[in-house]
Amino acid sequence: MKLALRVAYDGTAFYGFQRQPDVRTVEGELLEVLTKLGIIEDAESSGFKGASRTDKGVSALFNVVSFIPRERPGLARPEVLNHHLRDIWVLGVAKVPDDFHPRFWAKSKIYRYYLVDEGFDSGRMEECARLFVGEHNFSAFARLEPEKNPVRRVKRVEIEERRGYYIIEIEGKGFLWEMARRMVNAMRFCGLGLMESTEIEGMLKGQYTKKVPPAPPEGLVLWRIDYPEVSFKTDERGLQKAKRDIFGSYSRALTRAALFGDVLLEL
């Protein structure tokens, strides 16, 4: 039997998803709790895999890990795991086929970026956003890895304006390293009049001398991964624990935002 966990986390508390020596990571914390509870022996023997290796500072509402439990699979549920985890919340568990892989089985991923309004021209932002939809070479909008194909298909890019900020939602099957954040910064530059849509068009055709830098990671969240054949189930106590923790983070962030907002008004 193989299990998959839907996990959410505050990326600002971690040095990214992938485990690294001597720093706090999402994968490292999950493995520590699963081994402490005797659910798995170690990452290798359990076939532990993750869907997305989010960068340092990037959060998730919906990332997925899978593993084969050694014993005590009944402990792999939100109520138990959330009691032992900090800044990570298990929001669902599913029994999956033995050949399930959280990255390869994903039909699409949705990233959201929360962007403070700097006086953007929303029409120019929308114009640039439309250029990213479809299949393109995203070399100018990614930190390339030697084995990765830079050609990716973006299903949609939507920009929603709210009071004081924008939400940019990007959907695709797979993303390159820093791709979503560099796309966001390109849209931001267009909205500020620092880039033209023709420049974006040219860069997607390989016409560039320098790349667009990535937007800060703290504004990015992995919002959803689509698995049509997998149903994640949660329990009420585990969900309530997650809600309490996340509300605490929300309250602290809102207090600081209000404080600095009034400081700006006073200056």
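Calculation criteria
- The numbering scheme is per chain: residues are counted from 1 as the chain's sequence reads.
- It should be noted that, the model being predicted, local features are given only for residues of pLDDT at least 70 and side-chain atom pairs only at 80 or more, the latter also being counted only at that level, while totals for whole chains, interfaces and linings use all residues.
- Excluded from the side-chain calculations are hydrogens and water; all other atoms, namely the structure's heavy atoms, are used.
- Burial status follows relative accessibility: with a 1.4 Å probe on protein chains alone, a residue under 20% of its type maximum counts as buried, one over 50% as exposed, and anything between as partly exposed.
- Numbered from the N terminus, helices here are DSSP runs of H or I no shorter than four residues, and strands are runs of E no shorter than two.
- Throughout, the arc means that of the directions going from the helix axis to the C-beta atoms.
- Residue contacts follow a heavy-atom distance rule, with two residues in contact if any of their heavy atoms lie within 4.5 Å.
- Two N or O atoms count as a polar contact when they lie within 3.5 Å, although within protein this holds only if one can serve as hydrogen donor and the other as acceptor, and sequence-adjacent residues are included solely when both atoms are side-chain atoms.
- To pair, rings of Phe, Tyr and Trp, with the six-membered ring standing in for Trp, must have centres within 6.5 Å; the planes then decide the type, stacked if under 30 degrees apart, edge-to-face if over 60, and tilted in the middle.
- Placement of a charge over a ring requires the Lys NZ or Arg CZ to be within 6 Å of the ring centre, with the centre-to-atom vector within 35 degrees of the ring normal.
- Buriedness for pockets is judged along seven lines, at least five of which must meet protein on both sides within 12 Å for an open set on the 1 Å grid over protein atoms alone, while cavities are sets there where a 1.4 Å probe fits but cannot get out, and lining residues have an atom within 4 Å of a point.
- Grid points are joined across faces, edges and corners, and a volume is the space filled by probe spheres set on the points.
- Classes in brief: Ala, Val, Leu, Ile, Met, Phe, Trp, Tyr, Cys and Pro nonpolar; Asp, Glu, Lys and Arg charged; the others, Gly included, polar.
- For patch building, the residue pool is restricted to those with more than 30% relative accessible area and no salt bridge; the joining distance is 9 Å between like charges and 5 Å between nonpolar side chains (Val, Leu, Ile, Met, Phe, Trp, Tyr).
- Residue exposure ignores everything except the shown protein chains as possible cover, and the areas themselves are Shrake-Rupley values with a 1.4 Å probe.
- Within this document, salt bridges are pairs made up of a side-chain nitrogen of Lys or Arg and a carboxyl oxygen of Asp or Glu, the two lying within 4 Å of each other.
- Any cysteine sulfur atom paired with another within 2.5 Å is treated as part of a disulfide.
- Axes, fitted as lines to C-alpha atoms, cover a helix only where it is in contact. Angles between the N-to-C directions of the axes lie from 0 to 180 degrees.
- By the definition adopted for this analysis, an angle is roughly parallel if under 35 degrees, roughly antiparallel if over 145, roughly perpendicular if from 65 to 115, and oblique otherwise.
- Left-handed describes a crossing in which the near helix is turned anticlockwise from the far one by less than a right angle; the clockwise case is right-handed.
- As used in this record, nonpolar core signifies buried Ala, Val, Leu, Ile, Met, Phe, Trp, Tyr and Cys residues forming a set joined through side-chain atoms within 4.5 Å.

1. Comments concerning helix α4 (residues 122-132)
Working step 1: Residues M125, C128, A129 and F132 constitute the buried set of α4. For α4, the buried positions fall inside an angular range of 105 degrees around the axis, keeping them on one side.
Working step 2: In this structure, the buried residues of α4 make contact with β5 (108-116), β6 (134-137), β7 (151-162), β8 (165-172), α5 (179-191) and α6 (197-204).
Working step 3: Capping the start of α4, D121 holds a side-chain oxygen 3.0 Å from the backbone nitrogen of G123, two or three residues further along.

2. Focus: the side chain of N63
Working step 1: Assignment of secondary structure puts N63 in strand β3 (residues 59-67).
Working step 2: Among the polar contacts listed, one links the side chain of N63 to the side chain of Y9, at a separation of 3.0 Å.

3. Concerning the packing of aromatic side chains
Working step 1: Evaluated as defined, the whole model comprises 13 aromatic pairs.
Working step 2: A ring pair is formed by Y9 and F17, whose centres lie 6.4 Å apart and whose planes are at 40 degrees; its orientation type is tilted.
Working step 3: Judged by relative accessible area, which is 1%, F17 ranks as buried.
Working step 4: The rings of F62, F100, W105, Y227 and F232 are connected pair by pair, giving a single aromatic cluster.
Working step 5: Over the face of the ring belonging to W223 we find R112, whose NZ or CZ atom lies 4.0 Å from the ring centre.

4. Looking at the environment of A94
Working step 1: On the secondary structure map, A94 appears in strand β4 (residues 88-96).
Working step 2: On the basis of relative accessible area, A94 is assigned to the buried category, the value being 4%.
Working step 3: A C-alpha to C-alpha distance of 4.8 Å links A94 and F232, two positions 138 residues apart in sequence.
Working step 4: The residues contacting A94, other than those within four sequence positions of it, are K2, L3, A4, V230, S231 and F232.

5. A short note on the layout of surface pockets
Working step 1: In this structure, the largest pocket encloses a volume near 1300 Å³.
Working step 2: Lining the largest pocket are 31 residues, and of these S59, Y114, E218, Y250 and A253 lie nearest its centre.
Working step 3: Elements that contribute at least two residues to the lining of the largest pocket include exactly β1 (2-9), β3, β5, α5, β9 (220-226) and α7 (236-266).
Working step 4: Considering every element that reaches the lining of the largest pocket, the biggest residue donor is α7, with six residues.
Working step 5: When the residues that make up the lining of the largest pocket are grouped by side-chain class, the tally is 20 nonpolar, six polar and five charged.
Working step 6: Its boundaries defined by the atoms lining it, the second largest pocket holds a volume of some 1000 Å³.

6. Here we look at a nonpolar patch on the surface
Working step 1: Nonpolar side chains collect at one region of the surface, where L259, F260, V263, L264 and L267 lie side by side and expose about 540 Å² of accessible area between them.
Working step 2: Counting through the fold element by element, F260 comes out in helix α7.
Working step 3: The class for F260 is partly exposed, based on a relative accessible area of 44%.

7. Regarding the state of the cysteines
Working step 1: Tallying each qualifying case throughout the model produces one disulfide.
Working step 2: Disulfide partner of C128: C190, at an S-S distance of 2.1 Å. Linking C128 and C190, the disulfide has an S-S dihedral of approximately -85 degrees and is accordingly described as left-handed. One end of the pair, C128, is in helix α4; the other, C190, is in helix α5, and 62 residues separate them in sequence. Both residues of the pair, C128 and C190, count as buried.

8. Considering the packing of α4 against α6
Helix-helix packing is characterised by the crossing angle of the two axes and by the distance between the axes.
Working step 1: Two elements in contact, α4 and α6, have axes whose closest approach is 9 Å; the angle formed by their N-to-C orientations is 15 degrees. Relative to α6, α4 is oriented roughly parallel. At the point where α4 passes α6, the crossing takes the right-handed sense. On α6, the residues touching E127, C128, L131 and F132 of α4 are S197, I200, E201 and L204.
Working step 2: Counted by class, the contact of α4 with α6 contains five nonpolar, one polar and two charged residues.

9. Brief notes about the nonpolar core
Working step 1: Counting 76 residues, the largest nonpolar core has F132, F141, I168, I170 and Y227 as its most contacted members.
Working step 2: The contacts of I170, once residues within four sequence positions are left out, are K109, I110, Y111, V154, R156, V157, F175, A180, M183, V184 and M187.

10. Digging into the environment of L3
Working step 1: Following the sequence through the fold, L3 ends up in strand β1.
Working step 2: The exposure class of L3 is buried, given its relative accessible area of 4%.
Working step 3: In this structure, the C-alpha to C-alpha distance between L3 and K109, residues 106 residues apart in sequence, is 20 Å.
Working step 4: Apart from residues no more than four positions distant in its own chain, L3 is found in contact with V65, S66, F67, P69, P73, A76, A94, K95 and V96.

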